[in-house]
Amino acid sequence: MELSFKDHNEKKLLSLMTIVKRINSTLDLEETLTLIMDEAKGMMSSEASSLMLIDRARKELYFNTATGEAGGVVKEIRVPLGKGIAGTVAVSGETITINDAEHDPRIYKSVDDKTKMTTRNLIAVPLIAKGVTLGVLEVLNKFDGDYTDDDTILLTAFADFAALAINNRELYREMQERAREIEALYRISQSINIFNELLPILQDNIVVLSEMLGADRISIIAEEGGKYVFKAGLGIPASVLAEGEVTVTDNVLAEVMRTGKSVVCGDIDEDTRFPSNKGLRYRRRSFIVSPLSIGGTRMGFISVTERRIDAPYQEKHMRLLEMLSQEIAENYNHIILAEASREKQLIETELSVTARMQNDILPKVFDSGGALDIAAVSIPAKTVGGDFYDFIPLGHGKYGIIIADVSGKGVTAGLFMAISRSILRVHFIETKDPRATLMKSNVLIHEDSKRGIFVTAFAVLVDTKARTLTYSNAGHFEQYIVRRRGGIEELREPSKPLGIVPDAVYKNKSIALSPGDRIVLYTDGVTEAVNCHREQFGEERLCAVLAEGGTLASEKLVENILEKVRVFQGKAEQFDDITLVTARLVSP
């Protein structure tokens, strides 16, 4: 008997060593588990053995490995958690040994019925790894009597080895999954180096998501112009994508918007958070939605559904989508910023061209045969301005001078400025009369002004031989004559701006000039320049500079006025165009 006992123990030890070698030498889990269950069945002289694992989503045990004549049949059977001996062990984590199964009410008769076996006795031990119950290991129907405590100890050892094998496999799987996740992140991050446009980048990113999450239907939805629209999709009908706009009320997206968090749903028909949308006719009822966010700013959503296998998505899938969504959001933001930068650069280029064009059409040389000392400047508040001036030689000692201010700022005002300047110039050359110039120009400017744009203008005709000044005003404020002998006179004539009504009436006024008298024309950017205290430069300060100007050359006077305005403004920003023209009648 002593020899037999020794041989039996050596056989146990040899069996356990064989299992240990197998665990350390292969990653084929099914092969290892089959070996463990065969050894357990043989070492414990049992009719059958089985290893059941927990399906947490369905709250059931399923037969992963089974030996014995009914091994193939039991793999089709599932045992609810808490039912039968195995279900009870899976929930409690405690071993159960039964040697009189016929009279034990806990026996799950459904298994016996389907396998055509009669359970006489059994041992069921929990399969535990890192404190978590993974399943249950069973042996049943010992050939030579009852199961003993030694059998329970031995089966527990087999269960530990099985748990170790499963844990090794899971570690390996986790390493593989982590490697796949890193590869997926890399592929998504590199897409912006492969493609230059948003759609190909998003479509490429969706392919990665589909591979990682095993999904046949994915959509990327982004906020655009105050609404949410499809930006890219997989497995979505073209008609749906073409509609563009996506409803974000009373649905899953509304929940994500409300909480700012991702959502995973195992079965939308059973999830009370969401109304079931039967109209969508999905094959699967599980989905994940993750917000697209950058720095706490939500840009949109990524929705994943139609999993290829008939199993619900879990928390780990949601975490994976969140990680990949962050990289996709970075891509999306990068492209949007790049597109905005390109558009800004294009606009700046166009503005620069427009500004150069504006500057080119403003006269820099004022040829009056020495009869007039003229200087002018126009400084736009932005790249493109709406102010302009013009100097038009008309022959026989006559010269036209115009200063004007187009309503608004920016490109629109700048383009309308060029149109208005051409119209006024043509009619001044044609009529050689300020009033007639404004009357004819008003008709055309009114026709061209479709968005309420108008122009204030002040037109002057200087006759250097007759020493007269004739002027007409179109909604501009008063301008000035600075007399050589002292005194400043206002030039005023109330009237409507150009472009307001087609039949506006304008008048001419004439005054005499003396050698040394100076005409000063300006726009409101001069007098309405503000400082840090929100005070305006005003007419009083302008007149003081003009009075001090005396017999200064026109160019020097313009410099003085600009310097006074700059000093007054200090660090305050220029918010309006500044345009200034001075013309002094030179003594013969």
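Starting afresh in each chain, residues are numbered from 1 along the sequence in its written order. Local features in this predicted model are restricted to residues of pLDDT 70 or higher, and side-chain atom pairs are both shown and tallied only at a pLDDT of 80 or more, whereas totals for entire chains, interfaces and linings draw on every residue. Side-chain figures throughout are based on the complete set of non-hydrogen atoms in the structure, without hydrogens or water.

A.B. asks: What am I meant to see in the environment of Asn-193 here?
C.D. replies: Here Asn-193 lies in helix α6 (residues 149-194). In this structure, the C-alpha to C-alpha distance between Asn-193 and Thr-249, residues 56 residues apart in sequence, is 36 Å. The helix and strand labels rest on DSSP assignments: H or I over at least four residues marks a helix, E over at least two residues marks a strand, and numbering proceeds from the N terminus.

A.B. asks: Looking at this model, I keep getting lost on the environment of Asp-204. Mind explaining?
C.D. replies: Topologically, Asp-204 is positioned in helix α7 (residues 198-213). Accessibility expressed as a relative area gives 25% for Asp-204, which makes it partly exposed. Along the primary structure Asp-204 and Lys-564 are separated by 360 residues, whereas in three dimensions their C-alpha atoms are 60 Å apart. Beyond its immediate sequence surroundings of up to four residues, Asp-204 is in contact with Arg-187, Ser-191 and Phe-195. Working definition: with a 1.4 Å probe on protein chains only, accessible area under 20% of the residue-type maximum means buried, over 50% means exposed, and in between means partly exposed. Any pair of residues with heavy atoms lying within 4.5 Å of one another is described as a contacting pair.

A.B. asks: Which parts of the structure should I look at to understand helix α4 (residues 84-92)?
C.D. replies: Each α-helix turn comprises 3.6 residues. Residues three or four places apart therefore point the same way. Within the span of α4, buried status applies to Gly-84, Ile-85, Ala-86, Gly-87, Val-89 and Ala-90. Elements in contact with the buried residues of α4: β1 (46-55), β2 (60-67), β3 (78-80), β4 (96-98), β5 (122-129) and β6 (132-142). Positive phi shows up at Gly-93, right after α4, with a value of about 75°.

A.B. asks: Please clarify how the environment of Val-89 should be interpreted in this entry.
C.D. replies: With respect to the helices and strands, Val-89 occurs in helix α4. Classification of Val-89 as buried rests on a relative accessible area of 0%. Sequence spacing of Val-89 and Tyr-399 is 310 residues, and the spatial spacing of their C-alpha atoms is 108 Å. Setting aside residues no more than four positions away along its own chain, Val-89 makes contact with Glu-94, Ile-96, Ala-124, Val-125, Pro-126 and Val-136.

A.B. asks: What exactly am I supposed to notice about the nonpolar core here?
C.D. replies: What tends to happen in soluble globular proteins is that the nonpolar side chains get buried as a cluster. Only buried residues count toward a nonpolar core, which is a set of Ala, Val, Leu, Ile, Met, Phe, Trp, Tyr and Cys residues joined through side-chain atoms within 4.5 Å. Core analysis: the largest hydrophobic core is formed by 46 residues, its most contacted members being Val-460 and Leu-498. Residues in contact with Val-460, not counting those within four places in the same chain, are Tyr-399, Gly-400, Ile-401, Phe-428, Pro-434, Leu-469, Thr-470, Tyr-471, Ile-519 and Leu-521. Leu-202, Ile-218, Ile-294 and Leu-320 belong to the second largest nonpolar core, which has 31 residues in total.

A.B. asks: Where do I start with the sheet that holds β5 in this structure?
C.D. replies: To summarise the sheet geometry, strands pair through backbone hydrogen bonds and adopt either a parallel or an antiparallel arrangement. Pairing between strands requires that DSSP locate at least two bridges from one strand to the other. Taken in spatial order, the six strands line up as β3-β2-β1-β6-β5-β4 in an open sheet, and their pairing is antiparallel. Edge strands, defined here as strands with exactly one partner in the open sheet, are β3 and β4. For this sheet the average axis-to-axis angle between neighbouring strands, irrespective of direction, equals 25°. Here β5 pairs with β6 via eight bridges, running antiparallel. Bridge pairing in β6 places Ile-123 opposite Val-139. Axis lines are fitted to C-alpha atoms, over the contacting stretch for helices. Their N-to-C directions set the angle, which ranges from 0 to 180 degrees. Against the sheet, helix α2 (residues 29-43) makes contact with β1, β2 and β6, and its axis sits at roughly 70° relative to β2, the strand it touches most.

A.B. asks: Explanation requested: unusual backbone geometry in the structure shown.
C.D. replies: Its identity is not glycine, yet Ser-45 carries a phi of approximately 50°, on the positive side. Take Ser-45: it is sitting in the loop between α2 and β1. In this structure, His-396 is a non-glycine residue whose phi angle is positive, near 60°. Within the secondary structure, His-396 sits in the loop between β13 (387-395) and β14 (398-406).

A.B. asks: Quick question: what am I supposed to make of the sheet that holds strand β21 (residues 578-585) here?
C.D. replies: The strand order across the open sheet formed by five strands is β12-β21-β20-β17-β18, and the pairing between neighbours is antiparallel. Both outer strands of the open sheet, β12 (372-379) and β18 (488-491), are each paired with one neighbouring strand and no more. Taken over all neighbouring pairs, the strand axes of this sheet differ in orientation by 15° on average, direction set aside. Here strand β17 (residues 479-482) runs beside β18; their pairing, made up of four bridges, is antiparallel.

A.B. asks: Mind showing me how you'd approach a nonpolar patch on the surface here?
C.D. replies: Side chains of Met-357, Val-411 and Leu-415 sit close together on the surface and give an oily, nonpolar patch of about 230 Å² of accessible area. For Met-357, the location among the structural elements is in helix α10 (residues 315-361). Met-357 gets classed as partly exposed once you look at its relative accessible area, which sits at 34%. To count toward a patch, a residue needs a relative accessible area above 30% and no salt bridge. Like charges then connect within 9 Å, nonpolar side chains (Val, Leu, Ile, Met, Phe, Trp, Tyr) within 5 Å. Areas reported here follow the Shrake-Rupley algorithm with a probe of radius 1.4 Å; residue values treat only the protein chains shown as occluding. The term salt bridge refers to a pairing of a side-chain nitrogen on Lys or Arg with a carboxyl oxygen on Asp or Glu at a separation within 4 Å.

A.B. asks: Would you take a moment to explain the pattern of salt bridges for this structure?
C.D. replies: A pair can form between side chains of opposite charge whenever their charged atoms are brought close. Scanning the model with the defined rule gives 23 salt bridges in all. One salt bridge in this structure joins Arg-566 and Glu-563, with 3.8 Å as the shortest N-O distance. With Arg-566 and Glu-563 both in helix α15 (residues 554-569) and three residues apart, the pair spans about one turn of that helix. We classify Arg-566 as partly exposed; its relative accessible area is 46%. Connected through shared salt-bridge partners, Asp-55, Glu-60 and Arg-78 make up one network.

A.B. asks: What's the story with the packing of aromatic side chains in this structure? I'm lost.
C.D. replies: Centre distance and the angle of the planes are the two values used to describe a pair of aromatic rings. The rule is short: rings of Phe, Tyr and Trp, with Trp giving its six-membered ring, pair when the centres are within 6.5 Å, and they are stacked under 30 degrees, edge-to-face over 60, tilted in between. Applying the stated criterion across every chain, the model contains eight aromatic pairs. Where Phe-391 meets Tyr-399, the ring centres are 5.6 Å apart and the plane angle is 10°; that geometry is what we call stacked. For Phe-391, a relative accessible area of 5% translates into the label buried. For the ring pair Phe-458 and Tyr-471, a centre distance of 5.4 Å and an interplane angle of 15° mean the geometry is stacked. Of this pair, Phe-458 sits in strand β15 (residues 455-463) while Tyr-471 sits in strand β16 (residues 468-474), and the two are 13 residues apart along the sequence.

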